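# Examination of the molecular architecture
What follows is each chain in one-letter form.
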Amino acid sequence: MAGRELEWSRGDRAKAAAKVMVGWVALLWLLEVVDVASGHALDGLGITPRTPSELVDVVPAAFIHFGFAHVAANTVPLLVMGFLAALGGLRRFAAVCALIIVADGLGVWLIAPAHTNTAGASGLIFGLFGYLLVTGFVERRPLGVLVGLLVGAVWGTSILVGLAPTQSGVSWQGHLLGLVAGVATAFVFRRRTQASDA
C-alpha cells in the first residue's frame, strides 16, 4: 500500500509540475502578445545597468521578451528544465527560481554594458541548467545525477554557445550569471535528509 501511495504522490507531483510550467510559458507568450499590441511598451521592463530606478525591473525582466522569436527560443528549454526542477517540490522550485532570477538580475544590473536593455527567461534557463546539472551530485542522488547528465548531453553545447561573448545582441553576462546562480542554488537548497517537501 505504501508503494502505491508513493506512486500516486509522484504522479500528482508530475501533474502539478507540468501545470506550473505550461502556465508559466503561457504567461510569457501572453505578455509578448500584450507587448506587441501596446507598441512594445513592456520592453522598458528590461534591465538597464547601474541605473538605480531599474532595480525594480530585476524580476519583471525575466518575463519580458524582445519579440516572438525570442520567446520561442526560450520556450522548450524552460518548459523541460522547469518541469524537471519542479518535480523536486513546488515550494523548493519557487525558491530556486526566485534566487536565480534575483541573483541573475542584480548581476546584470551590476556588470552588463552601459546603455543596454536586458530581458528574457534565458538567465533563468541557464540557472536551471546549472541547478539540474549539479544538484544530483551535491545531494548524492543517483536519479538526480542521471537527470543532470541527460540535461548536459541535450543542452550542453547550446549553453556553451550562449556563454560566448562574441554573439551580437546576446547577454552572455546574463547567461553566465544565471549559470553560476543555478549552481550556487543547488548547494543552498540541497536536501539534507530524505524527507520530501511536497
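### Concerning the packing of helix α3 (residues 90-111) against helix α6 (residues 172-188)
- Contact geometry of α3 with α6 gives a least axis separation of 8 Å together with a crossing angle of 145°. The handedness of the crossing between α3 and α6 comes out as right-handed. Side by side, α3 and α6 meet where Val 96, Leu 99, Ile 100, Ala 103, Asp 104, Gly 107, Val 108 and Ile 111 of the first sit next to Gln 173, Gly 174, Leu 177, Gly 178, Ala 181, Gly 182, Thr 185 and Val 188 of the second.
- Considered class by class, the residues forming the contact of α3 with α6 number 9 nonpolar, 6 polar and 1 charged.

### Points about α6
- Counted at 1.5 Å a residue, the expected span for α6 with its 17 residues is 24 Å, and the 24 Å between its end C-alpha atoms agrees.
- Every buried residue belonging to α6 is among Gln 173, Gly 174, His 175, Gly 178, Leu 179, Ala 181, Gly 182, Thr 185 and Ala 186, and all of these are buried.
- Structurally, α6 contributes buried residues whose contacts are with α3, α4 (122-139) and α5 (142-162).

### Focus: α5
- For α5, spanning 21 residues, the distance from its first C-alpha to its last is 28 Å, which sits close to the expected 30 Å at 1.5 Å a residue.
- By the largest-angle criterion, Trp 155 marks the main kink of α5, which is about 60°.
- All buried positions along α5 are accounted for by Gly 144, Val 145, Gly 148, Val 151, Trp 155, Gly 156, Ile 159 and Gly 162.
- Where α5 is buried, its residues meet α2 (68-86), α4 and α6.

### Some points on a nonpolar patch on the surface
- Judged by side-chain polarity, Leu 27, Trp 29, Leu 30, Val 33, Val 34, Val 36 and Phe 68 come together as a nonpolar surface patch covering roughly 560 Å² of accessible area.
- For the nonpolar patch, the element with the highest residue contribution is helix α1 (residues 2-37), accounting for 6 residues.
- Looking at the secondary structure, you find Phe 68 in helix α2.

### Observations concerning the nonpolar core
- Trp 24, Leu 78, Met 81, Phe 93, Leu 124 and Leu 128 are the most contacted members of the largest nonpolar core, which has 33 residues in total.
- Put simply, the parts of the chain that give this core at least two residues each are α1, α2, α3, α4, α5 and α6.
- If you tally residues by element for this core, the top one is α4, at 9 residues.
- Non-local contacts of Trp 24, meaning those with residues more than four positions away in its chain, are made with Phe 63, Leu 78, Phe 93, Cys 97, Ile 101 and Leu 124.
- Core analysis: the second largest hydrophobic core is formed by 8 residues, Leu 42, Ala 61, Trp 109 and Ala 112 among them.

### Remarks on the side chain of Asp 43
- Topologically, Asp 43 is positioned in the loop between α1 and α2.
- Buried charge Asp 43 goes without a salt bridge, the closest partner of opposite sign being Arg 50 at 20 Å.
- Asp 43 has contacts with Asp 35, Ile 64, His 65, Phe 66 and Asn 117, leaving out every residue within four places of it along the chain.

### Comments concerning the side chain of Arg 92
- With respect to the helices and strands, Arg 92 occurs in helix α3.
- In this structure Arg 92 comes out as buried when scored by relative accessible area, which is 10%.

### Thoughts on the environment of Ala 119
- Within the secondary structure, Ala 119 is located in the loop between α3 and α4.
- Taking relative accessible area as the criterion, Ala 119 reaches 12% and is therefore assigned buried.
- Linking Ala 119 and Gly 105, residues 14 residues apart in sequence, is a C-alpha distance of 9.0 Å.

What counts, and where the lines are drawn
Residues numbered from 1 in each chain as written. Predicted model: local features only at pLDDT ≥ 70, side-chain atom pairs only at ≥ 80, totals over all residues. Heavy atoms only, no water. Axes fitted to C-alpha atoms, helices over the stretch in contact; angles between N-to-C directions. Helix = DSSP H or I, 4+ residues; strand = E, 2+ residues; numbered from the N terminus. Left-handed = near helix turned anticlockwise from the far one by under 90°. Contact = heavy atoms within 4.5 Å. Nonpolar A, V, L, I, M, F, W, Y, C, P; charged D, E, K, R; others polar. Expected span 1.5 Å × (residues − 1). Buried < 20%, exposed > 50% of the residue type's maximum accessible area, 1.4 Å probe, protein only. Bend = angle between axes of the 7 residues up to and from the residue. Patch = residues over 30% accessible without salt bridge, like charges linked within 9 Å, V, L, I, M, F, W, Y side chains within 5 Å. Areas by Shrake-Rupley, 256 points an atom, 1.4 Å probe, with all protein chains shown as cover. Salt bridge = Lys/Arg side-chain N within 4 Å of Asp/Glu carboxyl O. Core = buried A, V, L, I, M, F, W, Y, C linked by side-chain atoms within 4.5 Å. Lys, Arg positive; Asp, Glu negative; His and termini not counted.

Geometric values such as these leave the question of function open.
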